[in-house]
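# Residue-level structural notes
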Amino acid sequence: MNKYYPIIISILFACSSCNNKKNTKSDIDIEFAQDTLEVGYTYWWPESGPFVGQCGEELALVFSGTITEIMPTTDEAGPLYNSQKGYIQINQVYKIKDLAHNTYANQQFFVSDCFDGLDLKKNDQVLVFCYDYENDLSIPGDKSILKIDSFDDPLISSIKKYIDADQNALKLTKDLQLWKKVGLDENLSQIIECAKESR
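Note that the coordinates shown come from a computational prediction; the quantities given were computed from them, not determined experimentally.

Let us look at the overall build of the chain. Secondary structure summary: the chain contains 4 helices and 8 strands in total. Taken from the N to the C terminus, the helices and strands of the chain come in the order α-β-β-β-β-β-β-β-β-α-α-α. In the chain, which comprises 199 residues, the share counted as buried stands at 41%. Partitioning the intrachain contacts of the chain with sequence separation of at least 6 by distance along the chain shows that 72% fall at a separation of at least 24. Carbon and sulfur atoms provide 48% of the accessible area of the chain, an area that totals close to 11500 Å².

In this section: the pattern of salt bridges. In this structure the tally under the stated criterion is 9 salt bridges. Ionic pairing is found between Lys-97 and Asp-132, a salt bridge with its closest N-O pair at 3.1 Å. You can see Lys-97 sitting in the loop between strand 4 (86-96) and strand 5 (107-112) and its partner Asp-132 sitting in strand 6 (residues 125-132), a full 35 residues away along the chain. Take Asp-132: its relative accessible area is 26%, and that puts it in the partly exposed class. Its salt-bridge partner being Asp-124, residue Lys-147 comes within 3.7 Å of it at the nearest N-O pair. With Lys-147 in strand 8 (residues 145-148) and Asp-124 in the loop between strand 5 and strand 6, the pair connects residues that are 23 residues apart, well separated along the chain. The buried category is assigned to Asp-124, whose relative accessible area is 6%. Salt bridges sharing partners connect three or more residues here, namely Glu-58, Lys-95, Lys-97 and Asp-132.

For the rest of this paragraph, the subject is unusual backbone geometry. Non-glycine residue Ala-100 carries a positive phi angle of around 55°. Looking at where Ala-100 falls in the secondary structure, it is placed in the loop between strand 4 and strand 5. Not every positive phi belongs to a glycine, and Asp-119 is a case in point at roughly 55°. Following the sequence through the fold, Asp-119 ends up in the loop between strand 5 and strand 6.

Phe-110, Val-128, Leu-137 and Ile-145 are the most contacted members of the largest nonpolar core, which has 27 residues in total. Counting residues per element, the ones that place at least two in this core are strand 3 (59-70), strand 4, strand 6 and strand 7 (137-139). With 4 residues, the top contributor of residues to this core is strand 3. Contacts of Phe-110, omitting those with residues within four sequence positions, involve Thr-36, Leu-37, Val-39, Phe-63, Gly-86, Tyr-87, Ile-88, Ile-90, Val-128, Cys-130 and Ile-139. Core analysis: the next-biggest nonpolar cluster, separate from the first, contains 25 residues, Leu-146, Tyr-162, Ile-191 and Ile-192 among them.

Once that is clear, we can look at the environment of Ile-90. Mapped onto the elements of the fold, Ile-90 is located in strand 4. The class for Ile-90 is buried, based on a relative accessible area of 2%. In sequence terms Ile-90 and Phe-32 are 58 residues apart; their C-alpha atoms lie 8.8 Å from each other. The contacts of Ile-90, once residues within four sequence positions are left out, are Phe-32, Phe-63, Ser-64, Gly-65, Tyr-104, Gln-107, Gln-108, Phe-109 and Phe-110.

The rules behind each value
- Here the residue index of a chain counts from 1 through its sequence in written order.
- Per-residue local features are limited, in this predicted model, to residues with pLDDT of at least 70; the limit for side-chain atom pairs, both in listing and counting, is 80 or more; totals at the level of whole chains, interfaces and linings are taken over all residues.
- To get the side-chain values, all heavy atoms of the structure are used, and hydrogens and water are removed first.
- In DSSP terms, a helix is any run of H or I states spanning at least four residues, a strand is any run of E spanning at least two, and both are numbered starting from the N terminus.
- Think of it in three bands: with a 1.4 Å probe and only protein chains considered, a residue is buried below 20% of the maximum accessible area for its type, exposed above 50%, and partly exposed in between.
- Any pair of residues with heavy atoms lying within 4.5 Å of one another is described as a contacting pair.
- The Shrake-Rupley method, run with a 1.4 Å probe sphere, supplies the accessible areas, and residue values consider only the shown protein chains as cover.
- For this document, the term salt bridge refers to a Lys or Arg side-chain nitrogen within 4 Å of an Asp or Glu carboxyl oxygen.
- Think of a nonpolar core as a cluster: buried Ala, Val, Leu, Ile, Met, Phe, Trp, Tyr and Cys residues, connected wherever their side-chain atoms sit within 4.5 Å.

Put into structure tokens, the structure is as follows:
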């Protein structure tokens, strides 16, 4: 037997282990369609961002992307709120909730009129959080579109960890300082406390 045989076998085994990285819930492969997803603005919600509610509402759609255009503010929404449409090219999707016929259907572009006051501009990279409202996708604006430094931003790793753990907030206990940078540490603290109480 070749004296190098055991070494070769070890190298092959090591390489095959590298290629067998287990995909998690947030590793979603999508073949994008050249369509645009239009999402309504639930402007009356008192909270926004990934940590909504006393114990954390289920996220319906989470993705990262690049802003391609922001339109001027209009009075289209009447006296209810300032309407400002923004368009995002979706880069990666991390969560899709099944909403029957209203489920996200691989659209590559996103549009909503919730951009007023968000201090965002064309080419900014963002992390976006949508919810299920009356069996349709909605976005509560404000902290639901977060500017990120890159598609390797630690916020993405953190939200993926949260999604992979079925939104168990206890998995994010060490990430409070990270979310503090975007003003969401108190929201996260609230749902962590809720998770502790329900154990």
